[in-house]
Amino acid sequence: MTNQTLEIGGVAIAPSQKQRLEIPVAQLPTRTIISLPVVVINGQYDGPILWLSAAIHGDEINGVEIIRQILSKITAKYLYGAIIAVPVVNVFGFIEQSRYLPDRRDLNRSFPGSSQGSLASRLAHLFMTQIVNQSTHGIDLHTAAKPRTNLPQIRANLLDTETYRCAQAFGAPLMIHATTRDGSLRQAASKRGIPVLLYEAGEACRFDSEAIEIGVRGILQVMDLLEMYTHPLTEETSSPSHSLEIEKTKWIRASRSGLLHLQVNLGDKIAKKQLLGIITDAFGETQAKIRSPYQGVVIGQVQNPLVNQGDGIVHVALIKA
C-alpha cells in the first residue's frame, strides 16, 4: 500500500521523500528567528509513524547523536510508514548548554502547552500539534540531570500492552514501570493514546558511547518490531537483549554533608546493608559509612563528590529476594 503525504509546519512531504524543516518558534531580541529543527522521512509504503525526540533538556546530548546515527541508516524507499525526528527540541537550552529555557522553565513540565502561554508552553504546544499529533508511536531520549549519570534504561507504562511490547523490543538493560509526571511529554502523548518510551542513559553534556550504541540498536529493534523497514536494517539488528523488569526504584541519600567516596558503579548488584561508600569531611577527621537499605541494582549515581545532607547519591532498582 502506498503511503500518504504528511504535512508538518506547512510543508508537504510526499511518500519516498526525506525533508528537513525549520518550524519557527520565537524571535530573539536581535530579531533572529529560533526554529524547531525537524527531519521527516516519509516511507514508500503505509505503516506506523514513529517520532524520535532528544534534548528536551538542552544539555542532554546523547540523544542528539543517537538520532543522527539513526537518520544516516534510513532510506525512504525501504521504509514502511514514517520517521519524524527532532534531534534538538530545546534549541535555546542546547545553545546555552542548559537544561532549561530562557524563562527558566523546564520544558518537560510544560506539556501539552498553549499557543498563548509562556515560551515553554508555546514550544510544548508546537511540538504536540506538529509532531505528536501526527504520530502513532514515540521514543523520547534523555540523560541524567547534572551532576548524575544513569545506567541505560527504558521508563514506560509497562501495563499498556503496546508500550510493553515496544519496551521489550528496545532491549535496554532495564525497563522500569514508571508513572507519568504532570506536564511531561510522555504524559501528554499517553493521554492521546500514543505508546511512548523514555530512554535514559548517561550524563548531561557528555557523549557516552555505550549509551549511544544501546539507544541506536534499541530504536532499530523497535522499528523491526513495528515492521517499518526491510532487510537493510534487519541485518544490523539482533534478537533484543533481555531487559530486567523493575517495578520500583529508590534513592539512597547522603546522611551528612562532605566528600563522597563511592565504592559501587552503575550496573552493580548490591545486597541489603552493603557498604556503598563513605562521606568524609575535607580534613579526613570524620567519616560516615553509607550502607544500602535495599537489595537491587545501581541504575544512577551522583558524579560530583561534594554532597550535602539529603542529596540523592545512589539510585537503586529494587529486586525482590
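In the block above lies the structure referred to throughout.
Each value, and the rule that gives it
Residues numbered from 1 in each chain as written. Predicted model: local features only at pLDDT ≥ 70, side-chain atom pairs only at ≥ 80, totals over all residues. Heavy atoms only, no water. Helix = DSSP H or I, 4+ residues; strand = E, 2+ residues; numbered from the N terminus. Rg over C-alpha atoms; globule rule 2.2 N^0.38 Å. Contact = heavy atoms within 4.5 Å. Areas by Shrake-Rupley, 256 points an atom, 1.4 Å probe, with all protein chains shown as cover. Pairing = 2+ DSSP bridges. Right-handed = clockwise from strand over helix to strand, strands pointing away. Phe/Tyr/Trp six-rings, centres within 6.5 Å; stacked < 30°, edge-to-face > 60°. Buried < 20%, exposed > 50% of the residue type's maximum accessible area, 1.4 Å probe, protein only. Lys NZ or Arg CZ within 6 Å of the ring centre and 35° of its normal.

Asker: Tell me about the overall build of the protein chain, and please be specific about residues and values.
Answerer: Assigned secondary structure in the protein chain consists of seven helices and 19 strands. Computed over its C-alpha atoms, the radius of gyration of the protein chain comes to 21 Å, within 12% of the 20 Å expected for a compact globule of 321 residues. Each principal axis of the C-alpha atoms in the protein chain carries an extent, and together these give about 70 × 50 × 30 Å. Here the contacts in the protein chain between residues at least 6 apart in sequence split such that 68% fall between residues at least 24 apart. Of the roughly 14,800 Å² that the protein chain leaves accessible, carbon and sulfur atoms contribute 48%.

Asker: Tell me about the pairing of strand S9 (residues 174–177), and name the residues and values.
Answerer: For a regular strand, side-chain orientation follows a simple rule: the groups alternate between the two sheet faces. Two elements, strand S8 (residues 148–156) and S9, share four bridges in a ladder whose sense is parallel. Considered in S9, the bridge of Arg-155 is made with Ile-176. A crossover links S8 with its parallel partner S9, the connecting element being helix H4 (residues 161–170), and its sense is right-handed. Examined bridge by bridge, S9 and strand S11 (residues 244–246) share three bridges and lie parallel to one another. When the sheet's bridge partners are listed, Met-175 is paired in S11 with Glu-245.

Asker: Tell me about the packing of aromatic side chains, and please be specific about residues and values.
Answerer: Per the counting criterion, the structure on display carries five aromatic pairs. Here Phe-111 and Phe-127 contribute two aromatic rings whose centre-to-centre distance is 6.3 Å and whose plane-to-plane angle is 80 degrees, an arrangement assigned as edge-to-face. Of this pair, Phe-111 sits in the loop between helix H2 (91–96) and helix H3 (119–130) while Phe-127 sits in helix H3, and the two are 16 residues apart along the sequence. Phe-127 gets classed as buried once you look at its relative accessible area, which sits at 0%. An aromatic cluster of at least three residues, connected via ring pairs, comprises Trp-51, Phe-111 and Phe-127. A cation sits over an aromatic face here: Arg-148 above Trp-251, 4.2 Å from the ring centre.

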